[in-house]
Structure formats: structure tokens, C-alpha cells
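These are the residues of each chain, in order.
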Amino acid sequence: MNGFYWLASYPKSGNTWLRLFLASLSKGGIPIDINNKQFDTSVGALRLPFDQFLDIESTDLTVSEIISYLPRKYEIEAASANKPLFRKVHDAYLITPKGEPLFPPAITLGVIYLVRDLRDVAVSFAHHLDKSIDQTITMMADPQAMMSSEKKRQHTQLPQFLYSWSGHVESWLDAPGIRRLVLRYEDMVAHPVGCFGDAARFLGMESLPSMVDAAVEAVRFEKLSAAEDANDFVERPSTVTKFFRRGVAGGWRDTLTLEQSARIESDHGPVMRRLGYLP
Amino acid sequence: MDSDYTLCGWRVRSELALPELLPWVGEQREPDVVITVGRVTPPATPPIHTLPFSQIWPDGGYLFTLETVGRYWVTSGKMVVIEPVGNARETDVRVFLLGTIFGVLCHQRRLFPLHASAVRMGMGAVVMAGDCGVGKSTLAAGLRQRGYPLVADDMTIIQVAPSHTPMVLPSYPYQKLCLDVLDMMEIPAVNEMVNRPGQPKYHILAHDGFETTPLPLLKMYIVYRRVCKSPYSIEKITQGAAMASLDRMLYRRIAGHQIVPKSELFHNVSTLVKTTPMYHLFINERESLSSLDRLVAAIEEHSQGEVCK
């Protein structure tokens, strides 16, 4: 059966790390070129495939029209494939204006949903957006937050609704009828072989333990950072000086003020507790 | 009341006002294309190809449907019937008429529409083709500011014939530019000229100085963005790569492949590749709009000679 494995996450939650691991594992655990992965885990919201599959100019469509027709694009894309497809998505699991899930259940083989302590996300996301941490905390609480929806230029990705961070998490964790694996970034850092091995098995990428070990080693943070220093990283936004910046869990303690962490915990306490980030 | 306009050298008679187009001033002949507003009635026979927005029939008849704007029925490269939804904005109706429907008309008339912009340089046209967002319109706008008349924006129509050099036909005389480009070029954005509600793209009329005559195709640049060390590079393309690129850049590609016989499309592509100097223009993904002048100067210099950077 063909369809999609959605590699879903709120931004800065470990999605790229997982995708680079899968790229290495697909080649038996060899070191990879971070700018030429040769294992397609491209963004589901890329504009060009939408235009090509639907034979339309998405730049002539409103946001509402794009969201309404994205499920059709995914269906056509799945029907044209001869093997499962893997797509990175930052969209919340939303219901389109036509009243259907953005990600059609009939062509969803499974979801790996990545989560990360929002206090660490705030620090990383602020760097990524080139905004202050306070501005980023405000955005993460905004139920109308979107990506790739700049007011002054057209992006190479289609607009994506994030919801608030809490809304994003709940939309994916509570989506009915979906085969799902939830991975916490902190567990990936502490137990990479176990976590990435679980991911591989979930995706049907059965591999020898030695290959999983090798792939985990190939995507150690220090190696990715060094690779970016040598040859840049194609997914790094122009506003950001370094994509692979710290790669740690709990680094927020060095960076957030007490007020900032309190604000995050106040805005998102219930979901943080649900995920085990608050007692 | 119907009015006559010029587009691609056609006399277009339209029941719908088309302020973006220039009035027809040519010979008094029967219109080449007729646009009416009324009920759309596609054939009862099933289409040969169906997509969410479009359906195509064996004779090339094309139905475009966008539930929020209307339905368009295009036949024979000549007749367009538009059935707008009740509350559709007229500007929205025109966006798809002068975009997708115009592209389909070209396929039905066996012309070759490309995702490309074009300007006049010397005695011919220089074309910049590429995917959405790569900067085709921005480059054309930059070249216009240097005095090169606009021939086409977003969709460039090429007439490929066995007996002469491929000709670039004058398209619609306006550009679609985003607010960041308009700000940089100090061109005011008029709210009424927004492409679609909520978008950063605006229509900028280019009636003054618009090139209205067909021009021989001089050179084509296929534009890509990539992460690289230099700001840009211009490289000659192999014939094989050029053929693949041209097919990829075909406007309304799926419709074109359904309407035009494959042998004819292949012939058009291979003729263009054999007769037209073609280059890849790689622009560094990291380059900002502030380097536009340098890029435009490079295209200007390269188009007028064979200097590669």
C-alpha cells in the first residue's frame, strides 16, 4: 500500500536530525552529505510539487484555497508513487475549510511526531527566526501562528498553520485513527540508538543493529555541525548564521530568564505536563 | 459591451473588461479569440483527464473550475466562456483568465507557453525561465529599469515553426511583483491591483514601452537557486539538460501534454534546443535583493556577448 509517513513536529524539535538519520540508515549507516541526502524526506508544503501535481499556479490561490486543495495534492502524489513516501511537515493536524483532515487518513501509513521541551524550543526558534525570545514566546502562544506566510514576499513553501505550540501538539496527539509514534527530543539525545531504532522499525525500515548504530554515529551533532561549517547547510535560512547550533537538551536553563520560563509554563502548562516536561 | 484587445498578436473580443491589456489597433478582421460570460456547459461525454481544478476532453476542450471564482470553458484556441460565481471579484476572474486560460489557449493554438519572463535586447528577445519564486519577474523588472522593453512576464509564448527562428510573442503588458521588490524599486503598490486577496503580489502595468511586436528568440536562461560559494554563475546547458528543463518549464504542463500531440511537443522542444543558445543561471540561494543590480548587469553583459562569470 502506498501513502505517506508524516514526520511531523513543531519547528526546532528534532525533525532534521531524524531525517538525516533516516538518510544514513537508508544507505546502511554510511556518513551522509547533509546537502545531498539522496533519501527524500522533503517538506510536504513545498510549493512546486503542489503546482506540478495539480497543474495550477499556487501563487494565484488564496491561503484558504491552498489548504482546501492540499489533500487532493497528497492523494495524487501518493497514487503516482510506487513506494511509501516520507514527508516532513510542520503544519498542525488541521481540518481544512472543506471539512476534511489536511493529511488524508486513507493515505496515511503512520506519523512520527517529535516533541521537545518548549523552553528549549523557544531558545532555538528565536535564533532560527532572528527574533527575540519574548517575541518568540508570544508567537508560540498564538493560535493563528503560521509559517511561510510573509507579508512582503512569496515563499517557496506554501503557508502552514502552526496553531499555538499546545494546539499543535494536541492536534497531532489527539488526531483519531492514526498509527502514531511519539518521540521526545530529550530521549533521542539520551538514548539515540533506542529512539532512532524505534523510528526505523515504525517506518518499516528494518535494519541490522549495526546499521542503526552506524547511522546514529553518522548524525552525531558534532559531525553535523562540522559538516555545516565546511559546506553550509542547504536548509539553513539566510537569516540564521548556524543551523546546528547547540543540539542539547535543557540548555534553556542557561538562557531563559525566570520570567520567560514562567511565561512559557503558564501558557502551555497542561500540555507540557502531558508530555512530562512539568511535574 | 464588448471591447477588443491585443494579446499575443490576437484580436481578443471580450465581454469582460480587461484593463490589463492594450486595446486592439490592428487591421479590422474577425476576432481571433472571443470571451463571453455565461453558463458553462461542458460535453456530456467523459473527459480524458481530470484533476481537482481541470478537466480535458479528447478534442482539447478544457474546463477550469475554482469554486470560489468560477468556471471557464475553453475550446479550439478561440472560444472562452466564463461563468463566475455570484460574488467573485472581477480581478480574481481575470487572474485565471490571463493565467491558466491564456496558457491553455496557447496550447490549443499550438504555441509554446513557458514559465518565463522576457525582455527585448537589440533585435530580439532574451528569455528567463524558471520555477515559481526563482526571480524571473524580478530580473525582468531590473532589466526594464535599465531600458529593456518588457515582452512577457511570468508566461512567455514562443511560436516554433520549421521555416524561421522561434519567435517570442508579446504577452500581457503587466508584471506580477511582490512587495519586497516593489519597495526596493520604489514602485507604489495599489491595493486594487493585488493579485488575490491577502497576497504580497501586485500587478504593475507596463503599458508604456511594452514591446508589441513578435521578436526572434535570441537567448534563454534557465534560472535556478542553489546554495553555492559564488553569488551567481552562468553555464552553458547540454542539449539533454535543456530538453528536460524546457519540458519542466512548460506552462500548464499537464494540460499541454494532453492537448498537444507528444510528437509535436517533442519537436518544439528539440527545435528550441537546437536553435537557441541556452544557459543555466544559478543564483546563490543566500543572495538578497540588494544584489539584484549586479545580477541584472551580469545578464546584460552576457546576453550581449559570451562573457561568463
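See the structure printed just above.
(A) Representation of the overall build of chain B in the model. In terms of regular secondary structure, chain B is built from 7 helices and 19 strands. Rg of the C-alpha trace for chain B: 19 Å, near the compact-globule value of 19 Å for 309 residues, within the 12% margin. Seen through its principal axes, chain B has C-alpha atoms that stretch 55 × 45 × 40 Å. Scored against the burial criterion, the 309 residues of chain B give a buried share of 57%. Counting 30 positive and 30 negative side-chain charges, chain B places the centres of these two groups 6 Å from one another.

(B) Broad picture of helix 10 (residues 221–231) of chain A. Residues and elements named next belong to chain A. Buried residues of helix 10: L224, S225 and E228, and no others. Angular distribution of buried residues about the axis of helix 10 spans 100°; they occupy a single face of the element. In helix 10, the exposed positions angled more than 90 degrees off the buried face are occupied by E222 and D229. The elements touched by buried residues of helix 10 are helix 1 (15–26) and helix 9 (209–218). Once helix 10 ends, the next one or two residues include D232, with phi positive near 65°.

(C) Highlighting the packing of helix 4 (residues 118–129) of chain A against helix 12 (residues 258–274) of chain A. All names here are of chain A. Between helix 4 and helix 12, the least distance of the axes is 10 Å, while the angle of their chain directions is 130°. As summarised for this structure, helix 4 and helix 12 are arranged oblique, according to the angle between their axes. Listed contacts from helix 12 to L118, R119 and A122 of helix 4 are S261, I264, E265, H268 and M272. By residue class, the composition of the contact of helix 4 with helix 12 is 4 nonpolar, 2 polar and 2 charged.

(D) Broad picture of the sheet that holds strand 2 (residues 85–89) of chain A. Residues and elements named next belong to chain A. Spatially, the 4 strands line up as an open sheet ordered 2-1-3-6, and their pairing is parallel. The two strands at the open ends of the sheet, each matched to only one other strand, are strand 2 and strand 6 (180–184). Here the average twist between neighbouring strands, direction ignored, is 20°. Direction of pairing for strand 3 (residues 108–115) relative to strand 6: parallel, over a ladder of 5 bridges. Bridging from a neighbouring strand, L114 pairs with L183 of strand 6. Packing against the sheet, helix 3 (residues 63–79) makes contact with strand 1 (4–9) and strand 2, and its axis sits at approximately 135° to strand 1.

(E) The interface of chain B and chain A, seen in detail. Taken residue by residue, the interface counts 35 residues in chain B and 31 residues in chain A. For chain B, the biggest contributors to the area lost against chain A are F53, C132 and R286 of chain B; these three give 24% of the whole. If you look at where chain B meets chain A, you find 7 salt bridges. A salt bridge links E65 of chain A to R196 of chain B; the nearest nitrogen and oxygen atoms lie 2.9 Å apart. Counting across the chain B and chain A interface gives 23 residue pairs in polar contact (both at pLDDT 80 or more). Secondary structure elements with two or more residues in the side of chain B that touches chain A: strand 7 (62–66), helix 1 (90–108), strand 15 (174–178), helix 3 (179–185) and helix 5 (253–259) of chain B. Considered class by class, the residues forming the side of chain B that touches chain A number 17 nonpolar, 5 polar and 13 charged.

(F) Main features of the side chain of E186 of chain A. Residues and elements named next belong to chain A. Topologically, E186 is positioned in helix 7 (residues 185–190). One buried charged residue, E186, remains without a salt bridge, the closest side chain of opposite sign being R184 at 4.4 Å. Ignoring sequence-local partners within four residues, the contact set of E186 consists of V115, R116, D117, D120, A249 and Y277.

(G) How the structure looks around unusual backbone geometry. Residue and element names in this part refer to chain B. With a phi close to 55°, E186 is a non-glycine residue in the positive phi region. Structurally, the position occupied by E186 is in the loop between helix 3 and strand 16 (201–205). Phi at R252 is positive, roughly 50°, even though this residue is not glycine. Mapped onto the secondary structure, R252 falls in the loop between helix 4 (239–248) and helix 5.

Procedures and definitions
- Residues numbered from 1 in each chain as written.
- Chains lettered and ligands numbered in written order.
- Predicted model: local features only at pLDDT ≥ 70, side-chain atom pairs only at ≥ 80, totals over all residues.
- Heavy atoms only, no water.
- Helix = DSSP H or I, 4+ residues; strand = E, 2+ residues; numbered from the N terminus.
- Rg over C-alpha atoms; globule rule 2.2 N^0.38 Å.
- Buried < 20%, exposed > 50% of the residue type's maximum accessible area, 1.4 Å probe, protein only.
- Lys, Arg positive; Asp, Glu negative; His and termini not counted.
- Charge placed at Lys NZ, Arg CZ, Asp CG, Glu CD.
- Arc of directions from axis to C-beta.
- Contact = heavy atoms within 4.5 Å.
- Axes fitted to C-alpha atoms, helices over the stretch in contact; angles between N-to-C directions.
- Parallel < 35°, antiparallel > 145°, perpendicular 65-115°, else oblique.
- Nonpolar A, V, L, I, M, F, W, Y, C, P; charged D, E, K, R; others polar.
- Pairing = 2+ DSSP bridges.
- Buried area = accessible area lost by both parts, 1.4 Å probe.
- Salt bridge = Lys/Arg side-chain N within 4 Å of Asp/Glu carboxyl O.
- Polar contact = N/O pair within 3.5 Å; in protein donor to acceptor, adjacent residues only side chain to side chain.

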